[in-house]
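Residue-level structural notes
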Amino acid sequence: MSLFQGIIIGILIVGAIGGVALFALSRANSTTELAPLTIWGMVDPASMDAFLTTIAERKDATIPVFNYVYVTPENFERDFLEALATGQGPDLVLLPHEEILNQRNKLFVFPYDSLPVRTFKELFIEAGEVFFAPEGTIALPFSIDPLVMYWNRTAFSRAGIAQVPRYWDEVISIEPKLVEKDTAGQVKKAALALGEFSNISYAKDILSTLFMQSGTNIVGYNGNKLISLINERGPYTIPPADTAITFFTQFSNPVKAYYSWSKALPQSIELFAQGDLAMLFAKASDVNRIQQKNPNLNFDVTEFPITRDEANGALTFGSMYGVGVVARGANVQEAINAVSILTSKESLTSWETISQLPPVRRDMLAVAPVDPYKVVFYNAALRSKVWYDPNGKATESIFKDLIDAVVTGRQQLSVAAREADDALNNLLFSLDPNASQQ
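Residues numbered from 1 in each chain as written. Predicted model: local features only at pLDDT ≥ 70, side-chain atom pairs only at ≥ 80, totals over all residues. Heavy atoms only, no water.

Right, let's talk about the packing of helix H16 (residues 392-407) against helix H17 (residues 413-431) for a bit. Remark: H16 packs on H17, axes separated minimally by 9 Å, with the N-to-C direction vectors making an angle of 170°. Classified by the angle between their axes, H16 and H17 sit roughly antiparallel to one another. Along the contact surface, H16 presents Ala 394, Thr 395, Ile 398, Leu 402, Ala 405 and Val 406, while H17 presents Leu 413, Ala 416, Ala 417, Ala 420, Ala 423, Leu 424 and Leu 427. Residue composition of the contact of H16 with H17, grouped by class: 12 nonpolar, 1 polar and no charged. (Axes fitted to C-alpha atoms, helices over the stretch in contact; angles between N-to-C directions. Helix = DSSP H or I, 4+ residues; strand = E, 2+ residues; numbered from the N terminus. Parallel < 35°, antiparallel > 145°, perpendicular 65-115°, else oblique. Contact = heavy atoms within 4.5 Å. Nonpolar A, V, L, I, M, F, W, Y, C, P; charged D, E, K, R; others polar.)

Moving on: the pattern of salt bridges. If charged atoms from side chains of opposite charge come close, those side chains can pair. Following the criterion strictly, the structure yields 15 salt bridges and no others. With its nearest N and O atoms 2.5 Å apart, the salt bridge here joins Lys 204 to Asp 389. Residue Lys 204 is found in helix H8 (residues 203-214), and its partner Asp 389 is found in the loop between strand S14 (384-385) and H16; the two are separated by 185 residues along the sequence. On the accessibility criterion, Asp 389 (2% relative accessible area) is buried. Residue Arg 289 is joined to Asp 286 by a salt bridge in which the shortest nitrogen-to-oxygen separation is 3.4 Å. Taken as a pair, Arg 289 and Asp 286 lie in helix H11 (residues 286-293) at a separation of 3 residues, close to a single helical turn. Classification of Arg 289 by relative accessible area gives partly exposed; the value is 35%. Each of Asp 169, Glu 170 and Arg 308 takes part in one network of salt bridges that share partners. (Salt bridge = Lys/Arg side-chain N within 4 Å of Asp/Glu carboxyl O. Buried < 20%, exposed > 50% of the residue type's maximum accessible area, 1.4 Å probe, protein only.)

One can find Glu 196 in the loop between strand S8 (187-192) and H8. Among the residues examined, Glu 196 registers a relative accessible area of 6% and is labelled buried. With near-sequence residues (within four places) excluded, Glu 196 lies in contact with Ala 203, Phe 248, Ser 252, Trp 261, Ser 262, Lys 263, Ile 403 and Val 407.

This part covers the nonpolar core. For soluble globular proteins, the rule of thumb is that nonpolar side chains tend to be buried together. In terms of nonpolar packing, the biggest core is built from 140 residues, with Phe 66, Leu 92 and Tyr 150 touching the most fellow members. The element that contributes the greatest number of residues to this core is strand S6 (residues 140-152), accounting for 8 residues. (Core = buried A, V, L, I, M, F, W, Y, C linked by side-chain atoms within 4.5 Å.)

So yeah, pure geometry; function would need other evidence.
In structure tokens form, the structure reads like this:
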């Protein structure tokens, strides 16, 4: 029995959920057949079927049969509510972090006296702490897809640049050497994709990283209530978010020295695959996509640029998936135990092979990979951080409105940031009865 399995049993022993029968503890030593468990999720069904097949192949009597149901992001909220209302809901959910947080009132919470914070932090990467709530942990980390930087080796060689930048000030210093403009001053070959929102792949994730690197966590707890931190100054003269917005938007301003991006350009990942973008900020999972788009592209990957601020600057954003137990499911006891199976080292080793993503477990990240891309992805996973995003689509709209307002000059930066802060607080209040408006 692993340490984590022991903790799960401890949760059951202390009767962490009302009405949980303790006979579930003895099933590992009994002949009683385990009930099959249904998982609803937004992970690619082919990958999940392959993953669950590896678990079934263990032929372990303590492992239940898992049935996976893929649900589209557009339909999940409606289908989940309808299924719960009719008693046909899943036992577990496997969702991106923003959806886990959005569904938190429907999920079982692992209390801290049974799953201690210290144990969690020793098992999982820091990004997994997005699942912490005042009353306990609402999901366990399953997968991470961190932001990294892809760079065009041919473009760097042509510009006479020998070293790939690690820090943002180094990015700034080489940017003029990599951008190419026509006689009208329009960008033909871009140095980096920052400045706009609609045609930059993962613009929200990139902006989130800049926010967190500048010193704001975007959303945080005030007691047991979630509030927006976009307009918070903390120890700084101006809100850190304002600094991040200023940095981000300067690259789309034709009168600025570092003009490198235009709304007229294709999506950033498409432009990079064409060979006309020197530095692309994208996810670890995009490496195969880029190779498929252009097998002849001479590129490499490195970690997302950081600031020289040791307190916040070394982090990157990671898209986190978590596995949670449905509180009103038909097999809650078995589902709680199944979480330890799905997030065990053996299971997540299989998932890493299938997904080609870095693991979320620290004991797995401690073993250096041979693949040169994975070396970067492992380091990025350790540096990843995620914020308490209450609704992915809604916050994407808030961030887009913020950037568009600044870039077009429709609003001053301070006004646009304040409106984004208000919109995020309104969203938190509407989705969480414990949240408050500021």
